[in-house]
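Each chain, written out:
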Amino acid sequence: SRNETAGFIRKGSGRLGPLYVSQGEFVQGVLQARQAEVVAATSCPLVKEDASGSDVDDSEAAEAPEGKTARQRDDPYADGFGPYLQASLRELWCGRITNVLLICTPLVIMSERLNWGKGATFCLAILALLPWGERISWVTEDWAKYTNETAGGLFLASVGNLTEIVFCINCLRRGLLRVVQVSMLGSVLSNLLLVLGCAFLVGGSRWEEQSFNKVAAVTNSGLLLLAVLALSLPSILDATHTGTDPVANITSKVVLNLTLPSADGSHSAPWTTAEGNFEDPALYAGDAPLWLSRFIAAILVIMYGLLIYFQFGTHTHLFEDDEDDDEPGTLGLLGGAFWMVFITYFIWLLSEYVVCALEDAAVEMGVPVLFLSGIIVPIVGNAVEHASAVCFAMHNKMEISLGVAVGSAVQISIFVIPLNVLMGWWLDKPMTLNFHIFETVVLLLTCMAVSFLVSDGKSHWLKGAMLVGAYIMIAAAFWAHAEPDPTRG
């Protein structure tokens, strides 16, 4: 007819098919289709009742496994204890290739009992710590899914370096104060130079230029420089011999609320010393008084609390990534707590073997103690985190990569290191922030270099090559560095 016209209408299959309709019918059909699209886009998803009588979203029902509601999917105990135990064990011990190294755990005990040598015990214990450290990180992340966002973030930030804390406590109990200092310093250097450098290098090999949050990077750089300032003050006093001697300079009683010596020369037990005895020379690191390190450590812990509030309270947008992890947890609240205690026990046990074998292993293998504790232990202990940072950089997720590398270094600098000083105070050990001039200068130059390289919010492979090269040079310097007694403060 005269009103007929030819048109092509796209069908649901994606193909074009000829259809001859009248012009009026064509226009009416188009208007109806557009109206239906608007209604579908603005309407809420349908809600229906499940067998129990509760409302269930259609989208949730589609995402849930067959025969289960979304709420049942989120409850790991919904199917009973047997299926829960099977699923949790499968996720815990069969989910990572690094779990193969768990076989080293019984080998460590056999090496100690059968006298295979301290070198073998040390190496096996270090390798066994790698999967246990990775598993405790996974369990804490899974457990945090059952809390709210703020509580989960605080928990992850607090126990993120549990392996390092356990290792340092064991060293403090045995009086290996320099091992504590050098291992913590090595962790910071490893994260800032090796991990971040490898992430820049590998990511830059796939992407011409990568970008990240400049504000968060500069904030972390400022915190690192604050930590360097805290470590520099006792070291400078010790190197220049300009610190005040609490025995000779009793005028400090106005500030410290100390009492004057009695007639027999004794002093009261103030908070500034481990045992309350001013005459004990082991309580001081050169001319730097021990109370100064403890005072600075308390300030740094307060700064760490402010950082947590900054990250999870007032400026959460600076530290959020693009990952939207809506997957339900696997272990449950009580199950996650049990597995955290279980894994922490083995981390503690293996750390004991590492600390006990450290000195003899260094002599047996012909490797300096400072090199073992400052280079080897941090690299092996954080190998899984190092690999994850590199993988994120390969996929151009630099926010997460920097969070693993620089964020971990900041946490060790302003939380773990001062925490060790305060724990040493509690254990009556003269743990100090005097890391000596060599270590302090190395940390200062490292923080300055990293701060300069991340200040523009961009990265490429050449920056990564510079950081990795710097770490190799520092590792060689640790091999060449020696002290009269490198294991005891």
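Not measured: the values here are computed from a predicted model.

What follows is about the overall build of the chain. Scanning the chain from N- to C-terminus turns up 18 helices and six strands. Residues classed as buried in the chain amount to 44% of the 489 residues present. In the chain, the proportion of contacts linking residues at least 24 apart, taken out of those at least 6 apart, comes to 75%. Carbon and sulfur atoms make up 63% of the accessible area of the chain, which amounts to about 25100 Å² in all.

Tracing the chain through its elements places E164 in helix α8 (residues 162-173). Of the side chains with opposite charge, R135 lies nearest to the buried E164, which makes no salt bridge, at 15 Å. Aside from chain neighbours lying at most four places away, what touches E164 is M184, S187 and N382.

Let's shift gears to the environment of F452. With respect to the helices, strands and loops of the structure, F452 is situated in helix α17 (residues 436-454). Distance in space between the C-alpha atoms of F452 and S221 is 8.8 Å, their sequence separation being 231 residues.

What follows covers the packing of helix α10 (residues 214-240) against α17. Across the interface, α10 lies against α17 with an axial gap of 9 Å and an inter-helix angle of 160°. For the element pair α10 / α17, the angle class is roughly antiparallel. The handedness of the crossing between α10 and α17 comes out as left-handed. For the pair formed by α10 and α17, the contact residues are A217, S221, L224, L225, V228, L231, S232, S235 and A239 on the first element and H436, I437, T440, L443, L444, C447, M448, S451 and V454 on the second. Among the residues forming the contact of α10 with α17, the class breakdown is 12 nonpolar, six polar and no charged.

Another aspect to go through is the pattern of salt bridges. With the rule as written, the count across this model stands at six salt bridges. Note that R173 is salt-bridged to E352, the shortest N-O span being 2.7 Å. Taken together, the residues R173 in helix α8 and E352 in helix α13 (residues 333-365) connect sequence positions 179 residues apart. For R173, a relative accessible area of 44% corresponds to the partly exposed category. By relative accessible area, E352 is classed as buried at 15%. With its nearest N and O atoms 3.9 Å apart, the salt bridge here joins K458 to E209. Here K458 is found in strand β6 (residues 458-459), whereas its partner E209 is found in the loop between α9 (177-206) and β5 (210-211), with 249 residues between them in sequence. Each of the salt bridges in this network shares a partner with another, and the network as a whole consists of R173, R174 and E352.

As a further point, take helix α5 (residues 104-113). By the burial criterion, the buried members of α5 are C104, T105, V108 and S111. In an axial view of α5, the angular spread of the buried residues amounts to 120°, which keeps them on one side of the axis. Those residues of α5 that are buried are in contact with α6 (118-144) and α13. Once α5 finishes, N115 follows within two positions and takes phi at roughly 55°, a positive value.

Before going further, it helps to examine the packing of aromatic side chains. In total, this model carries 11 aromatic pairs according to the counting rule given. The interplanar angle of 5° and the centroid separation of 4.6 Å between the aromatic rings of W132 and F346 together place this pair among those described as stacked. One end of the pair, W132, is in helix α6; the other, F346, is in helix α13, with 214 residues separating them in the sequence. Across this residue pair, the class does not change: W132 and F346 are buried. Taken together, the ring pairs connect W132, F338, W339, F342, Y345 and F346 into an aromatic cluster.

What follows concerns the nonpolar core. In terms of nonpolar packing, the biggest core is built from 107 residues, with F122, L196 and F478 touching the most fellow members. Counting residues per element, this core draws most heavily on α9, which supplies 15 residues. Look past the residues within four positions of F122 in its chain and what remains in contact with it is V354, A357, L358, A361, M365, L372 and V377.

The subject of this paragraph is the confidence of the model for the chain. Taken over all residues, the pLDDT of the chain has a mean of 75, while the share at 70 or more is 67%. Within the chain, the element-level pLDDT minimum falls on helix α11 (residues 253-256), averaging 34, and the maximum on helix α18 (residues 461-480), averaging 94. Taken as a whole, residues 43-72 scores under 50 in pLDDT and shows 28 contacts with residues more than four places along the chain or in a different chain. Note that residues 485-489 has pLDDT below 50 and, in this model, 17 contacts with residues that lie over four places away or in other chains.

Another aspect to go through is the side chain of H481. For H481, the location among the structural elements is in the segment after α18. When sequence neighbours within four positions are dropped, the list of residues in contact with H481 reads L370, F438 and E439.

For the rest of this paragraph, the subject is unusual backbone geometry. One non-glycine residue, N396, adopts positive backbone phi at about 60°. With respect to the element layout, N396 can be found in the loop between α15 (383-394) and α16 (398-426). Residue N396 is classed as partly exposed on the basis of its relative accessible area, which comes to 33%. At D428, a position not held by glycine, the phi torsion is positive, near 60°. By the element assignment, D428 lies in the loop between α16 and α17.

One pass over the structure, following the stated rule, counts zero disulfides. The thiol sulfur of C356 is not disulfide-bonded, and the nearest other cysteine sulfur, from C171, lies at 9.6 Å. C356 sits in the partly exposed class, given a relative accessible area of 34%.

What counts and how
Residues numbered from 1 in each chain as written. Predicted model: local features only at pLDDT ≥ 70, side-chain atom pairs only at ≥ 80, totals over all residues. Heavy atoms only, no water. Helix = DSSP H or I, 4+ residues; strand = E, 2+ residues; numbered from the N terminus. Buried < 20%, exposed > 50% of the residue type's maximum accessible area, 1.4 Å probe, protein only. Contact = heavy atoms within 4.5 Å. Areas by Shrake-Rupley, 256 points an atom, 1.4 Å probe, with all protein chains shown as cover. Lys, Arg positive; Asp, Glu negative; His and termini not counted. Salt bridge = Lys/Arg side-chain N within 4 Å of Asp/Glu carboxyl O. Axes fitted to C-alpha atoms, helices over the stretch in contact; angles between N-to-C directions. Parallel < 35°, antiparallel > 145°, perpendicular 65-115°, else oblique. Left-handed = near helix turned anticlockwise from the far one by under 90°. Nonpolar A, V, L, I, M, F, W, Y, C, P; charged D, E, K, R; others polar. Arc of directions from axis to C-beta. Phe/Tyr/Trp six-rings, centres within 6.5 Å; stacked < 30°, edge-to-face > 60°. Core = buried A, V, L, I, M, F, W, Y, C linked by side-chain atoms within 4.5 Å. pLDDT = per-residue confidence, 0-100. Disulfide = S-S within 2.5 Å.

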